[in-house]
Amino acid sequence: MVLADLGKRINGAVNNALSNTEDDYTTTVDSMLKGIVTALLESDVNIALVSKVRSNIKSKLLSENNAANRSVSNGQTKKLIQKTVFDELCNLVDCEVKEPFTPKKKKSNVIMFVGLQGSGKTTSCTKLAVYYQKRGFKVGLVCADTFRAGAFDQLKQNAIKARIPFYGSYTETDPVKVVEEGITKFKKEKFEIIIVDTSGRHRQEEELFQEMIQISNVVKPNQTIMVLDASIGQAAEQQSKAFKDSSDFGAIILTKMDGHAKGGGAISAVAATHTPIIFIGTGEHIHDFEKFSPKSFVSKLLG
Ligand code: GDP
């Protein structure tokens, strides 16, 4: 089930409950929860999370205070049900951090990207570069993917199109060296944001994670961002945990939200790594990029 359908199904479950005035309040809440739970599971949201959502909604709606003498036909009860479901869905995608990263002007802020090949990493690096350039930062892009032939060309083409200065090498095979050179050059030239694009593929996955550790040790990034394809499904959780161990990313960019993403796997990845989504990719174009806010995400989801 795609993300848009998830919204419709949840809405359907809530609306059914609200229009049903025959059953008593508890039975109505229970049947609404059944609909919500099925919709979330079919969207690939992890079962433990779904069960948490279920019990949170249930305990709020059926607490002694709330359940006494309730009738679904009452306007206040309707509002309570809608608000409770809305809040719990927000909690599912919300992951507050005490001090979110904000780049400082007149300093060199280094941002490192990690993620599997095809997730939309290079595209998102350029989108973020444009985002900061528009806000008056001097931004540069470094290509640290020496594994995939064509990786540097891709970044270069994106960077030229977006008019962002870039650094990479056609001959150097050690990504750590390329990164060191790129960062040194950009720091010397007083660049304020240096975005490092890394490899997303290796002969073996373990080698990829080792490379992330090595690059991270040299780059000492101020922020590490994992890029996650929203359509990835249940595999998202395991994948994001593996990246978390090697590169301890502090933020997630969720891509391809314009497509037929189920989205549930990505939602589970947020919970599994306790890491917030900061932007979403909504298309292939440089400007198809939105700041993520849990409330507006859930509002849009529910339509
Ligand atoms: P990388 O291998 O992780 O660097 O991935 P790329 O940046 O090369 O992206 C892989 C493909 O996904 C390309 O065809 C991109 O145009 C496409 N892509 C990236 N982000 C989005 C997005 O938000 N929406 C859509 N529809 N396509 C995207």
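Residues numbered from 1 in each chain as written. Predicted model: local features only at pLDDT ≥ 70, side-chain atom pairs only at ≥ 80, totals over all residues. Heavy atoms only, no water.

Q: Any chance you could explain the overall build of the chain here in plain terms?
A: The number of helices and strands found in the chain is twelve helices and eight strands. Oriented by its inertia axes, the alpha-carbon framework of the chain measures out at about 75 × 40 × 30 Å. Relative to its 303 residues, the chain shows a buried fraction of 50%. When the accessible surface of the chain is totalled, it reaches about 14800 Å², and 49% of it is carbon and sulfur. In the chain, 40 positive and 34 negative side-chain charges are present, and the distance between their average locations comes to 7 Å. (Helix = DSSP H or I, 4+ residues; strand = E, 2+ residues; numbered from the N terminus. Buried < 20%, exposed > 50% of the residue type's maximum accessible area, 1.4 Å probe, protein only. Areas by Shrake-Rupley, 256 points an atom, 1.4 Å probe, with all protein chains shown as cover. Lys, Arg positive; Asp, Glu negative; His and termini not counted. Charge placed at Lys NZ, Arg CZ, Asp CG, Glu CD.)

Q: Quick question: what am I supposed to make of the site of the ligand here?
A: The environment of the ligand is formed by 17 residues, the closest being Gly118, Thr123, Gln154, Asp258 and Glu284. Contacts to the ligand include Leu116, whose backbone N or O atom sits 3.5 Å from an oxygen atom. One of the backbone N or O atoms of Ser119 is found 3.2 Å from an oxygen atom in the ligand. Here the ligand loses 79% of its free accessible area of 580 Å² to cover by the protein chains. With four residues, the top contributor of residues to the shell around the ligand is helix H6 (residues 121–134). (Near = heavy atom within 4 Å. Polar contact = N/O pair within 3.5 Å; in protein donor to acceptor, adjacent residues only side chain to side chain.)

Q: I'm lost on the layout of surface pockets in this one. Help?
A: A water-sized probe, rolled over the atoms, reveals where empty space remains. Of the pockets and cavities examined, the largest pocket occupies roughly 570 Å³. Elements that contribute at least two residues to the lining of the largest pocket include exactly strand S5 (223–229) and strand S7 (277–281). For the lining of the largest pocket, the element with the most residues is S7, which contributes three residues. For the lining of the largest pocket, the per-class residue count stands at 15 nonpolar, five polar and five charged. Roughly 330 Å³ of internal volume is contained in the second largest pocket. In this structure, the second largest pocket is lined by 18 residues; those nearest its centre are Leu3, Met257, Ile280, Phe297 and Lys300. For the lining of the second largest pocket, the elements supplying multiple residues, two or more each, are helix H1 (3–19), strand S8 (289–291) and helix H12 (294–302). Per-element accounting of the lining of the second largest pocket gives the leading share, four residues, to H12. Across the lining of the second largest pocket, the residue classes tally to nine nonpolar, five polar and four charged. (1 Å grid on protein atoms, 1.4 Å probe; cavity = no way out; pocket = protein on both sides within 12 Å on 5 of 7 lines; lining within 4 Å. Points joined across faces, edges and corners; volume = space filled by probe spheres on them. Nonpolar A, V, L, I, M, F, W, Y, C, P; charged D, E, K, R; others polar.)

Q: Is there a simple way to explain the environment of Leu89 in this structure?
A: Relative to the assigned elements, Leu89 resides in helix H5 (residues 75–93). Sequence separation between Leu89 and Asp44 is 45 residues, and the spatial gap between their C-alpha atoms is 15 Å.

Q: Mind showing me how you'd approach the environment of Tyr132 here?
A: Considering the arrangement of structural elements, one finds Tyr132 in helix H6. Not counting residues within four places of it along the chain, the set of residues in contact with Tyr132 comprises Phe101, Pro103, Ile111, Phe137, Val139 and Ile193. (Contact = heavy atoms within 4.5 Å.)

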